[in-house]
Amino acid sequence: MDTQQIELIAEHERARQDQFQRRITCCASTACLSAGAGKTLEAIKQAVAQCSCAEHEVEVVKTGCMGLCSKGPLVRVESKGEPTVLYGEVTPEVACHIVGQHVPSCECSAPAEDVALAVPEPEGSVLVASAQERLLARHLIPLDLPFFTRQHKVVLADMGTIDPERIEDYLAHGGYQSLVKVLNEMTPEQVCDEIYNSGLRGRGGAGFPTGLKWNLVRRENSERKFVIVNGDEGDPGAYMDRAVMEDDPHRVLEGMMICAYAVGASYGYLYIRGEYPNAIARIERAIKEARRRRLLGKSVLGTSFSFEADIRVGAGAFVCGEETALIHSIEGKRGAPRMRPPYPSTSGLWGAPTVINNVETMANIPSIIKHGAGWFAAIGDEKSKGTKVFALAGHLRNTGLIEVPMGITLREIVFDIGGGIAGEWNFKAVQTGGPSGGCIPIEHLDTPVDYENLRKLGSIMGSGGLVVIDDSTRMPEFARFFIDFCVDESCGKCLPCRVGTVQIRALLDKIIGGKGQPDDLDKLEKLCWTVKKTSLCGLGQSAPNPVLSTLAYFRHEYEAMMKEGTHA
Amino acid sequence: MLNVTIDGKKLTVPEGSTVMDAALAHQVDIPRLCHHPDLHPSGGCRLCLVEVEGRADPVPACGLVCADGMVVHTRSPLLADMLREIINLFVSDHPLDCVTCDKAGSCALQKYAYEFGVTTTSYETRISRSLYQDDNPFFVRDHKYCILCARCVRVCEEVVGANAIDLAGRGFEGHISTPFDGPMIDSKCVFCGSCVQVCPTAALMPVSRRGKGREWELQRVASICGYCGVGCTVEYALKDGHILYAQGRPDGAVNGEFLCTKGRYGWDFASHPERLTQPMIRRDLAYQMGLTDQPWQLPQESPLAVRKFKVEDSFVAVDWDTALDAAAAGLAAVVQGSGPDAVMSLTSARCTNEDNYLFQKFMRVAVGTNNIDHCARL
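Keep in mind that what you see is a predicted model, and the values were worked out from it rather than measured.

Caption draft 1: The arrangement of the overall build of chain A in detail. Scanning chain A from terminus to terminus reveals 25 helices and 14 strands. Taking 24 Å as the expected radius of gyration for a compact globule of 568 residues, we find that chain A reaches 25 Å, a close match to that expectation. Principal-axis analysis of the C-alpha atoms gives chain A an extent of 75 × 70 × 40 Å. When each of the 568 residues of chain A is scored for burial, the buried share is 61%. Look at the contacts in chain A between residues 6 or more apart in sequence, and 72% of them connect residues 24 or more apart. Carbon and sulfur atoms form 51% of the exposed surface of chain A, whose accessible area is close to 21400 Å². Distance between charge centres in chain A, computed from 61 positive and 72 negative side chains, equals 7 Å.

Take a look at the structure:
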């Protein structure tokens, strides 16, 4: 396929979509699917099929994540000449009413009296609304909520709009145009420089400048080079990469191919966590479609650039998210990290220079190429550019997937976007970076979110898990949860992580059980520093962060637990 | 060549050497448990942490490649504190059985616990592994002493090439395992015992030495293995004149520390009562020569039917000169009587190359025949 054919397919798809008066989209991402989106989608399709509407009246599309996962399944109705509406918690019954409401010719809605019974008209109401309207009003999610308006979508731009299982839809939304641009107009060096100038830093957590990494690999003189996309997202509560792979798989592929062109690689692996069957299936489908359209394989778009991509499925080890452990896993070895240097950029997969980037990093690439480095660098703050996707979780009113510009304050995320704490408790802390991150208390809520600031507070950016906790949570127990996770996930290669985390947990258990000795807190702190400073890989080096940060900001809770124990 | 400074010593080292290589080559001792000079660095024990000027955190010397002008400190109060804490953690997962342990005296963990003054752990003692496997006649695997340095795994992969063992399980539950924890005999193990050689603790111990003596009581005798022409250096550890075990020596010119299963475990003939320690002549010949007054005749029955007899019944011990004279006279008689081609010779792979060369020379020149063969060709 060449550039013109891409344009032709995109044009054709746009024309096809334009015929429809309405587009009803239903989220089919894992969060909504587990809330029952599969049945909802079926109900919508059935309702529409039973309509006596014209052929191009309405199109039903399954899309990816729309963000507000706590209100799933989500259904959106886009109609020509009317404002777009979003519904939440859409059961199959509600879905029928949605179709009934928005498709005038539909006759499938439940008998009016049933609805009237279920949703009685409020007494003394002056509103003239049908029972069906009243019912739908309960499910309506206003799109002017700060949850939506405060976000800045780059990576998630097409998610929730396009059908992730159709390459045509991606092409219709400008997909693979960046690849076309790169292959026809830019040298590999220019691509690397463009990414470097954009200020994009690795979204896996460490924040290494992506352009710098690419340039290192590009300059390596080797016949064989590899590109690896790290989709082994394992932080409890984090699912940014899952959503991107599931809901916009071609964006990841496109980013990967641009990277391969820039560094001179012709083969790439997508290493996907085994617990993400949906993401694996959709990436697999995307690869097949891209191959069928000759976007993958020999002479991509008629140029001399060739690229093949393959999937490797992880077997459930958190440590395989660490780049050297991941490489070992792809090589068929035990997933354990090794000492660096040599870094993968000089000696990676099978000893060849290798770029490893996180899914979100790769998903940023097409947008940077499309809009330019300057556009990207204008988003965010001084040292951290662009946006960051977070998985908001915990005791919040609105939980789900959000994308915000770097430099936004934690307060804006928690209170504006997240809508504050749900229930009668108060905000206590926000935990960023999963088990490797730390807990940030209320007094630091006005800190702008970027790599350096979070590290200063004893936490890390991490891959984007953001757990908000209210003051019903006891911090030593919260810290114990994460240490327990690290004990389970430690590979066992280096002593501090293998034995140290077990001893941290034992000390925490002692303190939580009210049997703490006066010197136990100092002992705990010293042990945590030892593990942090002496462990081999990032897992061990950051495993004590939840304990250290809670010791720093909530030491009184530990002390109170020790006192309770001595009194009892 | 690169210039580096380690603990104030200005050293010149070849490019590509690690700080550990450089330090050990210049008699700077860096604590280490998982490091072994013949194996790739693993970086698991974290004991070789050193401070490098310009770097915020300590780095392991075993994996740190020297750069020109690098300034390294291997001793500092901060490092001492960290290492003590690491040993403290090691000891929390290791039985302190040193009073009865066979390895006491040559155990690397004991050495560092002593050096850093760690008498006991300040944490809870939690021994993660308890498996005890004595499934082969050569060595015992006692997992509770294992510190997961993975030297055994690396030696099996990198030196022996057998890949019989690897780390199984994760984290604290990790242990060294054959496939599916099966018996050693069902794995690809060749029983060379290289893993036992490199084990720093009592996790892998020769069966033959268990309970037989303390390490410091043993006499150590360096020798050359007699099993083949390679000529590996082998060291026998003896107590009261009896071998307790054999091992390689780091200064072994041919083999380094490594031996094969014969050299390491096949030494029980040395103190066997039936071992021949001097030359002997068959009793009938000795009688003819007047060396004994007891006549003897070769039994007439088929050799297959001959019951095992005592060697003294049919042979007489003589000195070397007598034995060689008798052999030479017998050989000369055959050559003179029937010609040189009536003689054939067979030599052995247990002899050295030089021995074999001399022997064929002797056959061709002294005896005058080309009837020469070798057991390795049969």
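Caption draft 2: Region of interest: the overall build of chain B. Within chain B, the regular secondary structure consists of 10 helices and 17 strands. Expected size for 378 residues packed as a compact globule is a radius of gyration near 21 Å; at 28 Å, chain B overshoots this value by more than 25%. Counting only C-alpha atoms and orienting by the principal axes, one finds that chain B spans roughly 90 × 45 × 40 Å. Each of the 378 residues in chain B was classed as buried or not, and the buried ones make up 45%. For chain B, the computed accessible surface area is about 20200 Å², with 55% contributed by carbon and sulfur atoms. Positive and negative side-chain charges of chain B, numbering 36 and 45 respectively, have mean locations separated by a distance of 1 Å.

Caption draft 3: Broad picture of the sheet that holds strand E3 (residues 75-79) of chain A. Residues and elements named next belong to chain A. Taken in spatial order, the five strands line up as E2-E1-E3-E4-E5 in an open sheet, and their pairing is mixed. With partners counted over all chains shown, the strands left at the sheet margins are strand E2 (58-63) and strand E5 (140-141), one partner each. On the sheet, helix H3 (residues 37-50) packs against strand E1 (22-27), E2 and E3 and is oriented at approximately 170° with respect to E2.

Caption draft 4: Structural context of the side chain of B:Arg283. Residue and element names in this part refer to chain B. By the element assignment, Arg-283 lies in helix H7 (residues 283-288). Within the buried set, Arg-283 has no salt-bridge partner at all; the shortest N-O distance to an opposite charge, 6.1 Å, is to Asp-313. Filtering out sequence-adjacent residues up to four positions away, Arg-283 remains in contact with Thr-292, Gln-294, Trp-296, Glu-312, Asp-313, Ser-314, Phe-315 and Val-316.

Caption draft 5: Geometry of the pairing of strand E13 (residues 242-247) of chain B. All names here are of chain B. Examined bridge by bridge, strand E12 (residues 233-239) and E13 share five bridges and lie antiparallel to one another. Note that in E13 the partner of Tyr-236 across the bridge is Ala-246. What sits between E12 and E13 in their antiparallel hairpin is a turn of two residues, with Asp-240 showing a positive phi close to 50°.

Caption draft 6: Geometry of the nonpolar core. Residue and element names in this part refer to chain A. With 71 residues, the main nonpolar core has Tyr-176, Trp-214, Leu-270 and Leu-401 as its most contacted residues. With 10 residues, the single largest contributor to this core is helix H13 (residues 249-263). Of all hydrophobic cores here, the second largest spans 64 residues; its members include Leu-74, Val-404, Ile-421 and Met-475.

Caption draft 7: Quick peek at the interface of chain B and chain A. Every contact between the two is made by 31 residues of chain B and, on the other side, 29 residues of chain A. Buried surface at the junction of chain B and chain A, summed over both partners, amounts to about 2700 Å²; 59% is from carbon and sulfur atoms. Taken together, chain B and chain A are joined by four salt bridges. With a closest N to O distance of 3.1 Å, B:Arg170 and A:Glu489 form a salt bridge. At the surface where chain B touches chain A, the tally comes to 16 residue pairs in polar contact (both at pLDDT 80 or more). Mapped by element, the contributors of at least two residues to the side of chain B that touches chain A are helix H2 (77-92) and strand E8 (166-168) of chain B.

Caption draft 8: Geometry of unusual backbone geometry. The peptide bond linking A:Gly72 to A:Pro73 adopts the cis configuration, its omega dihedral lying at -5°. Within the secondary structure, A:Pro73 is located in the loop between E2 and E3. Even without being glycine, B:Asp181 reaches a positive phi, approximately 60°. Looking at the secondary structure, you find B:Asp181 in the loop between strand E9 (175-177) and helix H5 (194-198).

Caption draft 9: Main features of the layout of surface pockets. Computed from the structure, the second largest pocket encloses a volume of approximately 1100 Å³. A:His328, A:Lys333, A:Arg338, A:Lys493 and B:Glu157 are, among the 32 residues lining the second largest pocket, the residues nearest its centre. Looking at the lining of the second largest pocket, the elements with two or more residues in it are helix H15 (323-330) of chain A together with helix H4 (151-160) and E8 of chain B. Here the lining of the second largest pocket is built from residues that sort into 13 nonpolar, 10 polar and nine charged.

Caption draft 10: Quick peek at the packing of aromatic side chains. Residues and elements named next belong to chain A. For the coordinates displayed, the defined rule picks out 18 aromatic pairs over all chains. Between Phe-415 and Phe-427 the ring centres are 5.8 Å apart and the planes differ by 55°, which places this aromatic pair in the tilted class. Separated by 12 residues along the polypeptide, Phe-415 in helix H18 (residues 410-417) and Phe-427 in strand E12 (residues 427-432) bring together distant segments of the chain. Aromatic ring contacts, followed pair by pair, group Phe-226, Tyr-267, Tyr-269 and Trp-350 into a single cluster.

Caption draft 11: Quick peek at the pattern of salt bridges. According to the stated counting rule, one finds 55 salt bridges over all chains in the structure shown. A salt bridge links A:Arg251 to A:Asp248, with the shortest nitrogen-to-oxygen separation between them at 3.1 Å. Both residues of the pair, A:Arg251 and A:Asp248, belong to the buried class. For B:Arg220, the salt bridge is made with B:Glu235, and the minimal N-O distance between the two is 3.3 Å. Taken together, the residues B:Arg220 in strand E11 (residues 219-224) and B:Glu235 in strand E12 connect sequence positions 15 residues apart. One salt-bridge network, in which partners are shared between bridges, spans A:Glu13, A:Arg16, A:Arg23, A:Glu59, A:Arg166, A:Glu168, A:Asp169 and A:Arg293.

Reading the values: the criteria
Positions within a chain are numbered from 1, following the residues in the order the chain's sequence is written. Chains and ligands are labelled by the order in which they are written, letters from A for the one and numbers from 1 for the other. Totals for whole chains, interfaces and linings use all residues, but because this is a predicted model, local features are given only for residues with pLDDT of at least 70 and pairs of side-chain atoms are given and counted only at 80 or more. Hydrogens and water molecules were not included; the side-chain quantities draw on all heavy atoms of the structure. Numbering of helices and strands runs from the N terminus, with a helix taken as a DSSP run of H or I at least four residues long and a strand as a DSSP run of E at least two residues long. Every radius of gyration here is taken over C-alpha atoms, with the globule rule written as 2.2 Å times N^0.38, N being the number of residues. Relative accessibility thresholds used throughout: buried, under 20% of the residue-type maximum; exposed, over 50%; partly exposed, between the two (1.4 Å probe, protein chains only). Every residue pair with non-hydrogen atoms within 4.5 Å of one another is taken to be in contact. In these tables, accessible area is a Shrake-Rupley quantity obtained with a 1.4 Å probe, and a residue counts as shielded only by the protein chains included in the view. We count Lys and Arg on the positive side and Asp and Glu on the negative side, and we leave His and both chain ends out. Charge placement uses NZ in Lys and CZ in Arg. For Asp and Glu, CG and CD serve respectively. Think of it this way: DSSP has to see at least two bridges between two strands before they count as a pair. With axes taken as lines fitted to C-alpha atoms, and helix axes fitted only over the stretch in contact, angles between N-to-C directions fall between 0 and 180 degrees. Take a side-chain nitrogen of Lys or Arg and a carboxyl oxygen of Asp or Glu: if they are within 4 Å of each other, that pair is a salt bridge. Only buried Ala, Val, Leu, Ile, Met, Phe, Trp, Tyr and Cys residues count toward a nonpolar core, and they belong to the same one when joined by side-chain atoms within 4.5 Å. Accessible area that two parts lose when put together, with a 1.4 Å probe and added across both, is what the buried area reports. Whenever a nitrogen or oxygen atom comes within 3.5 Å of another N or O atom, the pair is scored as a polar contact, on the condition that within protein one atom can donate a hydrogen and the other can accept it, and that pairs from neighbouring residues in sequence are kept only if both atoms are in side chains. With a 1 Å grid laid over protein atoms only, a set of points is called a cavity when a 1.4 Å probe fits there but cannot get out and a pocket when it is open yet has protein on both sides within 12 Å along at least five of seven lines; lining residues have an atom within 4 Å of a point. Grid points are joined across faces, edges and corners, and a volume is the space filled by probe spheres set on the points. Residue polarity is assigned by list, with Asp, Glu, Lys and Arg as charged and Ala, Val, Leu, Ile, Met, Phe, Trp, Tyr, Cys and Pro as nonpolar; anything else, Gly included, falls into the polar class. Two aromatic rings, drawn from Phe, Tyr or Trp (for Trp, its six-membered ring), form a pair once their centres lie within 6.5 Å of each other, and the interplanar angle then sorts them: stacked below 30 degrees, edge-to-face above 60, tilted otherwise.

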